[in-house]
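What follows is the residue order along each chain.
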Amino acid sequence: MSQEKKDELNYHCLVFCVDGQEFAIDILKVQEIREYQPVNVTRVAHLPSYIQGLINLRGQIIPIIDLRIKLRVSEVEYTPQTVVIILGLSDRIVGIVVDSVSNVELIAKNTIEPPPNVNNPAAYLIGLTTYKDQLLQIVDVEKLIDHEHWTLSDISQEE
Amino acid sequence: MSSPDLSEFHDTFFDEAQELLQGMEQTLLCLDPESPDHESLNAIFRCAHSIKGGAAAFGVFDDLVSTTHKLENILDLVRNGKMPLTHEAISVFLKAKDVLWDLVQAYREQREPGSESAQELLAMLQQLGDAKPGEAKPAAAKPPEEKAEAITDVAIPDGEKLLKVTLIDVSEKDRLSLHNEMGIMGTHIRQSSSGNEHYYWISSALPPEDIIAVCCFVIDESQIQVKESIPVVQDVVKEAPAEVADHNSTQSTQSTQSIQSIQSKPEATPPAKAVSEAPVKQLLAKTSAANKESGTIRVPIQKVDQLVNQVGEMVINQSILMQANQSLDPIVHASLIQDIEHMGSALRTMQEAIMALRMMPMDYAFGRFPRLVRETAGKLGKQIELITKGGGTELDKGLIERMIDPLTHLIRNSIDHGIEMPEKRIAADKDPLGKITISAQHQGGRIIIEVIDDGAGMDREKLINKAIEKGLPASHNMTDDQAFMLIFEAGFSTAEKVTDVSGRGVGMDVVKRNIQELGGLTQIESEKGKGTTIRISLPLTLAIMDGMTVQSGNERFVLSLSHIVECLQPTADQLRMLEENKALLLLRGEHLPIINLWEIFSIPNTERDLKKSIIAVLQVGKSRYALAVDQLLGQHQVVVKNLETHFKRVPCVSGATILGDGSVALILDAAAILEQNKIGLTAYGSGFNTPVLQQERV
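Residues numbered from 1 in each chain as written. Chains lettered and ligands numbered in written order. Predicted model: local features only at pLDDT ≥ 70, side-chain atom pairs only at ≥ 80, totals over all residues.

1. A closer look at the overall build of chain B
No. 1: Scanning chain B from N- to C-terminus turns up 22 helices and 24 strands.
No. 2: For chain B, the proportion of its 698 residues judged to be buried stands at 32%.
No. 3: Across chain B, the fraction of contacts at a sequence separation of at least 24, relative to all contacts at a separation of at least 6, is 67%. (Helix = DSSP H or I, 4+ residues; strand = E, 2+ residues; numbered from the N terminus. Buried ≥ 20, exposed ≤ 12 C-beta atoms within 10 Å, placed from the backbone. Contact = placed C-beta atoms within 7 Å.)

In structure tokens:
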């Protein structure tokens, strides 16, 4: 099978875990995966709580989002498995903190089901599939981090 | 077949056109109407011509082509001495430059250019051209005399043609050199003249257009006509030669056009066949000029900024390495330590070189002022000479661009309020010609720009009275400096009458604000009857800032040094507690509100006891306030990075930077902090006016 054919039929993604749930994002958006050291993060006041702060990534200042807080996980723990996924998005670089990274997977596109139409509060969901007998949520990472809402006006709603 | 897409070259054309227009304006301003310098006139003509040629090549800038064409026609008449150069003509040309500039700008922004000003200009040019109608029309159609003059008795060698060269209004000197040129290109047969026209018959194998091309190095193409003539046998039918002449004249017009388009691109090689010594030399000169031009490249400013940022980072990385170095044994790791130090010095040189890329000479801004002075002075009936000094001083391009408006205001102000009318000046035993000097110079890491006039100077009492009358905070005990600074107050104007030049009291406060935004300081010196000096001191660049690193709790922030007036540790009797966490600082008779940094950023674990904190007194515009922090960590140069790509707005923060140890620190926005805390405070201490404190916390 040729490479193009493979790409056409499969979804190449990075699988990570937040609060026991498995998520998958487009591998092409992932720039690197780094160990998370909260000490090195510069806090920025007056921003939504899921924005942890800023780090210096080889001379670039990039914001770090704790995806677990964003997804409203009740208790956030920092373990040695806690990592930052550095995402290279269209116009900026952003880091997301997740509980752990599991694997890089090829998912056959025909196994992906569309997200439930009814009551889909999470517009970031692209589809659902099963992976190692678990539900895997395939997400649009741009919508997930929801950059548009990183404004001051959002704080009042947030807090 | 669709024509190739030229749109990617549009920007280059626009840049070039604007540069040419700028050059044209400068040359125009240097022109002396009484004895215009021929070279300058040619230079102006070339500018118009190049723009026309460029615009025509794209085929989509019709307005630009038609306007430049008209302008070119008039310029041509002037250049050839057929039309006198008057002050009015120069003014029309200057106006033409403005209109063309607007047109280029309009095309650049992809909007329809407003045709009104262009129409107006065309009318003005028309009028100018009509003033000398008789000579304005180039001798186009040649009367039937050429039939009569037909050559009858010459044998033309095989492969050569008989060409009739008509030179119109060409000086004797030029005629002589052209005569020699033609001698090289062919064989002279006969010459004659009538009025200001001179006819040469030559026999040559070269096509007429080549002869025109060569002659155009000396004269203009409208001054020459080359026609193929036919050796006429005595009894030939009379109409025949005329037809041929007509036919050829259309041909030669066509060839003229083609030459025109070639000339519009100076680097294009003119027809290679036109080989003769003098033109070749000129050709070489042109080529070398073209080479000189290609010695520069246009680079988008973003790319340069990226470089500036990158190298800034490298410098920081290097200092991190240096810090790590200190823990090493200097004997065991001697060579490593040395290498890192070498790298450091190489990096610093590189940083300087890269910063220099963003630098532009001040002439970029100064070049606009002669025009401004000329026109404003003319409007007011004053005689003013503008002197610029240190135009070669280099400054960050962004800074220069943002300084143009404030400087324009200041110069206008000097013309209107500073320099007196000629009669007044004579009465005061001064030269009726007023002098305004603008100068730029480097001084200890900053650039000092001065606007100096030798006018009436400022009247301290008049300023103070006016300020009191306008309800501005002023008193007769003010120092001179404070009194002079009143001119920068909003709504302040001492002009007796409001003119369209200045006097509305808007402007000067904007000037001060603009300068402050750039991290600049303003200072005024003035002596009554002698003149005024306004001195502006600016940082060299916006990308690097002198900062003070402060600590609050475990967090570090950077304050711009330009805002810090002083830092101190307050004593108990300097503090006036108002309520929970709110206090005033009594500093030399002035009450300053204290803002706690920990409060703004909700920082945990900070020093809450003001007596143990450090207070930085900050000045923002006219207001001062005290910012309480835990510690001062030191003074550094920091590379400013903005956060706009990530956050739309972070309150009280103007950007971020990377500190020596690699961590990120936020740069505080002193003005926003004040704004957020909504504390209005009058500008001056209780020295002459009781400070009014408004604690409007909502």
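2. Let's talk about the interface of chain B and chain A
No. 1: Opposite the 20 residues of chain B that make contact, chain A presents 18 residues.
No. 2: Mapped by element, the contributors of at least two residues to the side of chain B that touches chain A are α12 (301–325), β21 (653–658) and β22 (664–668) of chain B.
No. 3: Among the elements that make up the side of chain B that touches chain A, the one with the highest residue count is β22(B) (three residues).
No. 4: Of the residues contributing to the side of chain B that touches chain A, the split by class is nine nonpolar, six polar and five charged. (Nonpolar A, V, L, I, M, F, W, Y, C, P; charged D, E, K, R; others polar.)

3. Quick word on the confidence of the model for chain B
All names here are of chain B.
No. 1: On average, residues of chain B score 73 in pLDDT, and 76% of them reach the 70 mark or higher.
No. 2: Taken element by element, chain B is modelled with least confidence in strand β24 (residues 693–695), mean pLDDT 36, and with most confidence in strand β13 (residues 555–560), mean pLDDT 90.
No. 3: This model gives residues 133–152 a pLDDT under 50, and the stretch forms 25 contacts once residues within four places in sequence are excluded.
No. 4: Taken together, the stretch residues 232–293 has pLDDT below 50 and engages in 65 contacts with residues farther than four places along the chain or on a different chain.
No. 5: Both scores are available for the predicted complex, with the pTM at 0.47 and the ipTM at 0.78. (pLDDT = per-residue confidence, 0-100.)

4. A short note on the sheet that holds strand β16 (residues 582–587) of chain B
All names here are of chain B.
No. 1: Reading across from one edge, β14-β18-β19-β17-β16-β15 is the order of the six strands in this open sheet, with mixed pairing throughout. This sheet does not close on itself; its edge strands, each paired only once, are β14 (564–568) and β15 (575–579). In this sheet, adjacent strand axes meet at a mean angle of 30° when their direction is disregarded.
No. 2: Its contacts with the sheet put helix α22 (residues 670–677) on β17 (590–596), β18 (614–620) and β19 (623–629), and the angle it makes with β18 is roughly 95°. (Pairing = 2+ DSSP bridges. Axes fitted to C-alpha atoms, helices over the stretch in contact; angles between N-to-C directions.)

5. Considerations on the pairing of strand β10 (residues 521–527) of chain B
Residues and elements named next belong to chain B.
No. 1: Pairing analysis gives seven bridges linking β10 to strand β11 (residues 531–539), with the strands arranged antiparallel. Bridging across to β11, E527 finds its partner in G531.
No. 2: Between β10 and β11, which follow one another and run antiparallel, lie three residues, and G529 among them has a positive phi close to 85°.

6. Description of the packing of helix α1 (residues 10–30) of chain B against helix α4 (residues 87–108) of chain B
Residues and elements named next belong to chain B.
No. 1: Interaxial distance between α1 and α4 falls to 10 Å at its minimum, and their mutual angle equals 165°. Classified by the angle between their axes, α1 and α4 sit roughly antiparallel to one another. Between α1 and α4 the crossing geometry is left-handed. Between α1, through F14, A17, Q18, L21, M24, E25 and L28, and α4, the contact on the second element is made entirely by I90, F93, L94, K97, L100, W101, V104, Y107 and R108.
No. 2: Of the residues belonging to the contact of α1 with α4, the class tally is 12 nonpolar, one polar and three charged. (Parallel < 35°, antiparallel > 145°, perpendicular 65-115°, else oblique. Left-handed = near helix turned anticlockwise from the far one by under 90°.)

7. Things to note about the nonpolar core
No. 1: Counting 80 residues, the largest nonpolar core has I96(A), L627(B) and L668(B) as the members making the most contacts within it.
No. 2: In this structure L627(B) touches I595(B), L597(B), I615(B), A616(B) and L618(B), once residues within four positions along its chain are discounted.
No. 3: Ranked by size, the runner-up nonpolar core spans 40 residues in total, among them I438(B), A440(B), A474(B) and F488(B). (Core = buried A, V, L, I, M, F, W, Y, C linked by C-beta atoms within 7 Å.)

8. Observations regarding the pairing of strand β9 (residues 125–131) of chain A
Residues and elements named next belong to chain A.
No. 1: When β9 meets strand β10 (residues 134–139), the two strands line up antiparallel, connected through six bridges. Bridged to Y131 within β10 is Q134.
No. 2: Linkage of β9 to β10, two consecutive antiparallel strands, is achieved through a turn of two residues, within which K132 is found at a positive phi near 45°.

9. Some details on the confidence of the model for chain A
Residue and element names in this part refer to chain A.
No. 1: Looking at chain A as a whole, its pLDDT mean stands at 79, while 83% of the residues score no less than 70.
No. 2: Of all the helices and strands in chain A, helix α4 (residues 153–158) carries the lowest mean pLDDT, 37, while strand β6 (residues 83–88) carries the highest, 91.
No. 3: In this model, residues 151–159 is a region of pLDDT below 50 whose contacts with residues beyond four sequence positions or in other chains number 11 contacts.

10. A short note on the sheet that holds strand β12 (residues 544–552) of chain B
Residues and elements named next belong to chain B.
No. 1: Read across the sheet, five strands follow the order β20-β12-β13-β22-β21 without closing on themselves; strand pairing throughout is mixed. Each edge of the open sheet carries a strand with a single partner, namely β20 (631–639) and β21. Strand-to-strand twist of the sheet, defined as the mean angle between neighbouring strand axes without regard to direction, takes the value 35°.
No. 2: One ladder, built from two bridges, connects β13 with β22; its direction is parallel. In the strand pairing of β22, V558 is matched with I667.

11. A few points about α22(B)
No. 1: Looking only at α22(B), the buried set comprises A670(B), I673(B) and L674(B). Seen from one end, α22(B) has its buried residues packed into an arc of 95°, which puts them on one side. (Arc of directions from axis to C-beta.)

12. A word on unusual backbone geometry
What is expected of a backbone is that most residues other than glycine have negative phi and most peptide bonds are trans.
No. 1: Even without glycine at this site, D19(A) takes up a positive phi of about 55°.
No. 2: The topology assignment puts D19(A) in the loop between β1 (10–18) and β2 (21–26).
No. 3: On the neighbour-count criterion, D19(A) (15 C-beta atoms within 10 Å) is partly exposed.
No. 4: Positive phi outside glycine occurs at R588(B), with the angle close to 45°.
No. 5: Its location among the elements puts R588(B) in the loop between β16 and β17.

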